Amino acid sequence: MQVFAVLQNVFAGAIVAVCVALLVHQFIGARRRQRLDARVLRSTLAVRAWVQRVARWPSARETARREAEAAIRRAREKAGEWDGNVYRPKSFRKPRKLH
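Criteria and cut-off values
- The residue numbering used here restarts from 1 in each chain and proceeds along that chain's sequence as written.
- For this predicted model, a pLDDT threshold of at least 70 governs which residues receive local features, and a threshold of 80 or more governs which side-chain atom pairs are given and counted, while totals over whole chains, interfaces and linings are taken from all residues.
- In computing side-chain values, all of the structure's heavy atoms are included and hydrogens and water are not.
- Helix and strand definitions follow DSSP, with helices as H or I runs of at least four residues and strands as E runs of at least two, each counted in order from the N terminus.
- Radius of gyration means the value over C-alpha atoms here, while the globule rule gives 2.2 Å times the residue count to the 0.38 power.
- Exposure is judged per residue with a 1.4 Å probe applied to protein chains only, and the accessible area is read against the type maximum: over 50% gives exposed, under 20% gives buried, and values in between give partly exposed.
- Only four residue types enter the charge count: Lys and Arg as positive, Asp and Glu as negative, with His and the chain ends excluded.
- Each charge is placed at NZ for Lys, CZ for Arg, CG for Asp and CD for Glu.
- What makes a patch is a set of residues exposed beyond 30% relative accessible area and free of salt bridges, joined within 9 Å when like-charged and within 5 Å when nonpolar (Val, Leu, Ile, Met, Phe, Trp, Tyr).
- Only the protein chains shown count as cover for residues, and all accessible areas are computed by the Shrake-Rupley method using a 1.4 Å probe.
- One speaks of a salt bridge when a side-chain nitrogen belonging to Lys or Arg is within 4 Å of a carboxyl oxygen belonging to Asp or Glu.
- In this scheme, strands are said to pair when DSSP sees at least two bridges between them.
- Along the chain, pLDDT gives the predictor's confidence residue by residue, from 0 to 100.
- Here the expected length of a helix is defined as 1.5 Å per residue gap, with one fewer gap than residues.
- Note on bend: the value at a residue is the angle between axes fitted to the seven residues ending there and to the seven starting there.

A. Representation of the overall build of the chain in the model. On a plain count of helices and strands, the chain comes out with 2 helices and 2 strands. Moving toward the C terminus, one meets the helices and strands of the chain in the order α-α-β-β. Taken over C-alpha atoms, the radius of gyration comes to 30 Å for the chain, far larger than the 13 Å a tight globule of 99 residues would show. Counting only C-alpha atoms and orienting by the principal axes, one finds that the chain spans roughly 80 × 45 × 30 Å. Counting across all 99 residues of the chain, residues that qualify as buried make up 4%. Averaged over its 22 positive side-chain charges, the chain has a centre that lies 11 Å from the centre of its 7 negative ones.

As structure tokens, this is what we get:
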């Protein structure tokens, strides 16, 4: 029951803090209110972008790993010739039809 009481106090304190912030927001000047709103918007967008990056990081890493393995597999296949570090696939040797 102690945990519930602590959580209840934390939520009540958060609600009071939000109400006080909104009250102060009403009484500041228009120019300060506009700057504050812009700053809050930038902060919100930055936090949102960070959360999205963190949430997508494992899947992006897995995708990069799969793509790297596919590129390595394609490079190991003998579908062309290597001239030093230049790779020339056999598909480039097909005769061209001019018309």
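B. Geometry of a nonpolar patch on the surface. Residues Val-47, Trp-50, Val-51 and Val-54 make up a contiguous nonpolar surface patch of about 380 Å² in total accessible area. Inspection of the secondary structure assignment puts Val-47 in helix α2 (residues 30–76).

C. A look at the pairing of strand β2 (residues 86–89). Where strand β1 (residues 80–83) meets β2, 4 bridges bridge the pair, whose relative direction is antiparallel. Residue pairing in the sheet places Asp-83 in a bridge with Val-86 of β2. Linking two consecutive strands that pair antiparallel, namely β1 and β2, is a turn of 2 residues; a positive phi of about 75 degrees is found at Gly-84 within it.

D. Quick peek at the confidence of the model for the chain. Predicted confidence across the chain gives a mean pLDDT of 87, with 94% of residues reaching 70 or more. Ranking the elements of the chain by mean pLDDT puts β1 last, at 77, and helix α1 (residues 2–27) first, at 94.

E. Molecular detail of α2. Taking 1.5 Å per residue, 47 residues should reach 69 Å; α2 reaches 66 Å between its end C-alpha atoms and fits that length. Roughly 45 degrees is the biggest bend found in α2, and it falls at Trp-57, with proline Pro-58 one to four residues downstream.

F. Quick peek at the pattern of salt bridges. Applying the stated criterion across every chain, the model contains 3 salt bridges. In this structure, Glu-62 and Arg-66 form a salt bridge, with 3.8 Å as the shortest nitrogen-oxygen distance. Here Glu-62 and its partner Arg-66 are both found in helix α2, 4 residues apart, which amounts to about one turn of the helix. With a closest N to O distance of 2.6 Å, Arg-65 and Glu-69 form a salt bridge. Of this pair, Arg-65 and Glu-69 both sit in helix α2, 4 residues apart, roughly one helical turn. Residue classification places Glu-69 among the partly exposed positions, given a relative accessible area of 43%. When salt bridges with common partners are traced through the structure, they connect Glu-62, Arg-65, Arg-66 and Glu-69 into a single cluster.

G. Examining the environment of Ala-68 more closely. By secondary structure assignment, the location of Ala-68 is in helix α2. Of the residues examined, Ala-68 reaches a relative accessible area of 38% and is grouped as partly exposed. Distance from Ala-68 to Gln-26, taken between C-alpha atoms, is 55 Å for residues 42 residues apart in sequence.

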